[in-house]
Amino acid sequence: MQIARETLLRSYRAMRTIRDFEERLHVEFATGEIPGFVHLYCGEEASGVGVCANLTDQDTIASTHRGHGHCIAKGVEVAGMMAEIYGRRTGVCQGKGGSMHIADLSRGMLGANGIVGGGPPLICGAALSHKTLKDGAVAVAFYGDGASNEGTTLESLNLASVWRLPAVFVLEDNGYGEATGASYACAGSQKARAGGFGMPYLECDGTDFFAVHQAAGEAIAHARAGNGPVMLHVHLARWYGHFEGDAMTYRAAGEVAAARADHDCLTIFRTRVTQAGLLDGTELDDIDSAVRDEIESAVIAAKQAPLPEAADLLADVYVRY
Amino acid sequence: MSKKSFRQAINEALRQEMRRDPRVIVMGEDVAGGHGGTSGTVDAWGGVLGVTKGLLTEFGEDRVLDTPITEASYIGAAAGAAATGLRPVAELMFVDFVGCCLDQIMNQAAKFRYMFGGKARTPLVIRAMFGAGFNAAAQHSQALYPLFTHIPGLKVVVPSSPYEAKGLLIEAIRDDDPVIFLEHKVMYDDEEEVPDEAYTIPFGEANLTREGDDLTIVAFGRMVKLANEAADRLERQGISCTVIDPRTTSPLDTDTILDCVADTGRLVIVDESSPRCNMAADISALVAEYAFDALKGPIRRVMPPHTPVPFASVLENLYLPSVEKIEAAVKAAMGHRVPEIA
Amino acid sequence: MNASITPITMPKFGLAMTEGKLAGWMVRPGSRVKAGDDLADIETSKITNAYESPAAGILRQVASDGETLPVGALIGVLAEDDVSDADIDAFIARFAAEFATDEADGQEAAPAEPTVIDVKGRALRVLDLGHGDAPPILLIHGFGGDLTNWMFNHAALADGRRVVAFDLPGHGGSAKDVGDGSPAFFAGVAIDLLDHLGIGKAHLVAHSLGGAVALALAWQAPDRVASLALIAPAGLGPEINMDFINGFITADRQKTIQPVLGYLVHDKSLIGRKMADDILRYKRLDGAVSALMQIAATCFPDGRQADDLRPVLERGGIRALILWGEDDEILPVRQSGGLPPAVTIDILPGVGHMPQMERAADINRTIGTFVAQ
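Residues numbered from 1 in each chain as written. Chains lettered and ligands numbered in written order. Predicted model: local features only at pLDDT ≥ 70, side-chain atom pairs only at ≥ 80, totals over all residues. Heavy atoms only, no water.

This part takes up helix 1 (residues 5-30) of chain A. For helix 1 of chain A, with 26 residues, the first-to-last C-alpha span of 38 Å sits near the 38 Å given by 1.5 Å per residue. Backbone geometry just downstream of helix 1 of chain A places Gly32(A) in the positive-phi region, at approximately 85°. (Helix = DSSP H or I, 4+ residues; strand = E, 2+ residues; numbered from the N terminus. Expected span 1.5 Å × (residues − 1).)

Spelled out as structure tokens, the structure:
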């Protein structure tokens, strides 16, 4: 499938932004300036971006606790995200959500989610909205291998099939639910689970943007056409711990290093597009440099941004009370 | 205006709001009558107690949705749909089943707006029946409104009559926040005059079902009816009571409660929910903090014991507040020495 | 029963009243009263009202202050000096026994209830009481009111005469469409109602904005009007208390509506929670508030009354009576000035905007006499 040049440039920029955003957070978190905890998406960029390249602002996604990548891929503004993670009033959630609750409904981003398995039921609802309002949009649930075992996820696969919803379930399988391997925690096969609920199953290499883009395109087109839900199983590797500060003593020495060396989605993308003559290296270098500046200024702005005010504590619990 | 049952009042509220606003949809177990049966009968049930009967035939399958018996997914779907443009009314059948979907209510719907910095609206209504009195035993009889009241971001409605139910449900459907709407299962056949037109009753304004000088009774849901009966009996014995139906436990009309306690100086709270951390405890604390000087004697609470709801009628009757227990509590609060009612 | 003993029973004020509270005797036991003297204050869930003695005699009290009793229960007796205590006691015992039996048998006739009728495609709630050869009376309530505004008057005026009360469009139990909201529009609806009920000519007894409706009706169709009895009518001057109008429209809670309702009456203690509840119930019906807004926009643009209906009275030809509370805080009593001498004007001291409730007995007597002429 031919991908438009603009889509390629935009997608590379999104992947690079996620990478730099997360790498920078890794550094900044260690300084103690960032409150709470963060879960980094490094290494998984091609998945979120490859899926979201097939979506518009009218389409809805729900994300996970590892949500920064999905937010950026769906177009949430980076400076606002950074400010949010720093707990600032200028953050996309005014400093009241933090890393795990970044949402921007105007971009069809229904929120990162602090609850494993929280997203799939919500996505059934978003898909129901799209179906009922006949707006032609689809809803996509990102969930991990850990969440794949949650009752909420399994119920949602069933409900989406029963209601024939325009929903896509993107299983981002990075091999670990926190510190427990998917090989231990996930019985049977994901493919059989999809089949058990009567929905098509696709899988792809999540470090290859083109593979993800191709598979997600098929899945989303199927759902958008009114043919019901699809499961897309994306195979990935997580470069950092479950959360920042996790020493990953449960992973074999060299596992992450190998992933970084051989399965870096950005390297794979650059090689592919330059060899095929789709883009040239300087264009990508320009993006790298622009993104570096963007992240740098986002961090500076976030550190200088005002903190929430006392009155904010009581605001926005309700629309009206 | 005509006499309508609690069940009809709720059905009429749903119907009128579905006519008024195409974004209003209804979902739940068997609410569209039950699909996939072998009889071919359309709209066989209308929910387990027939509350939604007839909606399917008027509004069709796109807006009246039977769900599988999977509370987490469909309550979560209702939350997600509410955040993305619909105004779902989800029926949770028995409120006791909230154990299967509390995350979707407590961590998702209730918190979207605050977590997302005020940018989300979640116009979701979850209807559920509650309460003891039907020998439905421990897993189908609880009065869990304090549990929801505890959660910021939720509004909680406990209607006490058909008139109240219709107006409060229409208000709930038009409200932009998630609302838990709890219907006492013993009241579905209660009847009273209910306007044919659509109307609303605002949240957070208590209703005084009667006004008296000697003592204030605060009661919730079906307990309002019992409190009124007790107040009738007491009136004939020369004790005149104000009876407050707060209508909503969240928001709670604390001003009216405090004003009435200031006027009467005595307070009895009738609460069908389990006694620890319930509404009676909450209101007692409120009055102790803000109206202590007005109190002429101890606050009395009429509540079940700290046990699951029992099955056998003899035990269930012992468990539940009753007119007699309320009457005795009022007299005790008035300083009369009365024998304890088992 | 001893013919020389007159029972004094709990009166029935309005349809919904099933019991009343004897708020306080106004006459000491053993005092002599004449017919029409105020005997006691009776408190209903809506309002407190004086109960006038139906006969002359010496009062013997049966019920005490503060007691709540069903309608029809004995609260006292009137008897002359020559009736012995034993006879009175026997009378009271017999009455109590018979009353208890009647109550148990449910012998009391079901009270007349308002019905909603279709008048030229418009739903109107109507209460039609009484029969007789005399021309009927049509009762027309004011802004934000409904037919229960006549609860203390309707039955009294319907003694030997047909008296019809109805909810104006936009009010009470009638449909909420108010057209352009003008007095002329409401007058047209009232004529439709008279047609529907087969009434050729009626005495119009009207209150406040209803007064302007009555005047507009008299202008449009003078041959349908036997007389005009107008209580604090609109249409006779520009001033109107817009704090009341706007407050009535916007207040949506007990706490906000009660002070607004206070403008209606001289004795503010008459405004209770139940009265406010009834008004809030009406206002919470879909369409009610927008109907009131439409009426206010048409009738009171820029905070003044738009319709000057004095020419109706100046034209003459229809007998007219005007009753006005001296302390009216909604429409000032001075608007009753400067009218043709043929118009009878009765100013009531110590009364606000609701004379038909505040001085029900006086108003009933005055209007009864006026329409009987």
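Following the structure, the description resumes.
Below, the discussion takes up the pattern of salt bridges. For the structure on display, the rule yields 63 salt bridges over all chains. The shortest N-O distance in the salt bridge between Glu52(C) and Arg365(C) comes to 3.6 Å. Here Arg365(C) lies in helix 11 (residues 360-372) and Glu52(C) lies in strand 5 (residues 48-52), a separation of 313 residues in the sequence. Across the salt bridge formed by Arg122(C) and Asp177(C), the nearest N and O atoms sit 3.6 Å from each other. Of the two residues, Arg122(C) is situated in strand 10 (residues 122-129) and Asp177(C) in the loop between strand 12 (163-166) and helix 3 (183-197); the sequence distance between them amounts to 55 residues. One network of salt bridges, with partners in common, ties together Arg16(A), Asp20(A), Arg270(A), Asp285(A) and Asp288(A). (Salt bridge = Lys/Arg side-chain N within 4 Å of Asp/Glu carboxyl O.)

A few words on the interface of chain B and chain C. Interfaces are often sized by the accessible area lost when the parts come together. Counting residues at the interface gives 24 residues for chain B and 17 residues for chain C. Together chain B and chain C conceal approximately 1,500 Å² of surface at their shared face, both sides included; 36% is due to carbon and sulfur atoms. If you sort the residues of chain B by the area they bury against chain C, Tyr163(B), Glu197(B) and Glu205(B) come out on top, with a joint share of 31%. For the interface between chain B and chain C, the tally reads four salt bridges. A salt bridge links Asp286(C) to Arg174(B); its shortest N-O distance comes to 2.7 Å. Our count for the contact surface shared by chain B and chain C stands at 10 residue pairs in polar contact (both at pLDDT 80 or more). Of all elements in the fold, only helix 7 (162-174), strand 9 (207-210) and helix 9 (254-264) of chain B reach the threshold of two or more residues within the side of chain B that touches chain C. A class-by-class count of the residues in the side of chain B that touches chain C yields nine nonpolar, five polar and 10 charged. (Contact = heavy atoms within 4.5 Å. Buried area = accessible area lost by both parts, 1.4 Å probe. Polar contact = N/O pair within 3.5 Å; in protein donor to acceptor, adjacent residues only side chain to side chain. Nonpolar A, V, L, I, M, F, W, Y, C, P; charged D, E, K, R; others polar.)

On to the domain arrangement of chain C, then. Taken domain by domain, chain C comprises domain 1 (5-105) and domain 2 (115-372). Computed over C-alpha atoms, the centres of domain 1 of chain C and domain 2 of chain C are 32 Å apart. (Domains from an automatic or database assignment.)

Residues and elements named next belong to chain B. Reading across from one edge, 9-11-10-13-14 is the order of the five strands in this open sheet, with mixed pairing throughout. Two strands bound the open sheet, and with one partner strand each, they are strand 9 and strand 14 (300-302). Taken over all neighbouring pairs, the strand axes of this sheet differ in orientation by 25° on average, direction set aside. As paired strands, strand 10 (residues 215-219) and strand 11 (residues 241-245) are joined by four bridges and run parallel to one another. Each bridged residue has a counterpart across the sheet, and for Ile-217 the counterpart in strand 11 is Val-243. (Pairing = 2+ DSSP bridges. Axes fitted to C-alpha atoms, helices over the stretch in contact; angles between N-to-C directions.)

Glancing now at the interface of chain B and chain A. Facing 47 residues of chain B, the contacting portion of chain A comprises 40 residues. Summed over both sides, the interface of chain B with chain A buries roughly 3,500 Å², with 64% coming from carbon and sulfur. Three residues stand out in chain B for area buried against chain A, namely Tyr114(B), Met115(B) and Phe116(B), and they jointly supply 19% of the buried area on that side. Where chain B packs against chain A, one counts three salt bridges. Here Asp316(A) makes a salt bridge to Arg113(B), at a shortest N to O gap of 3.6 Å.

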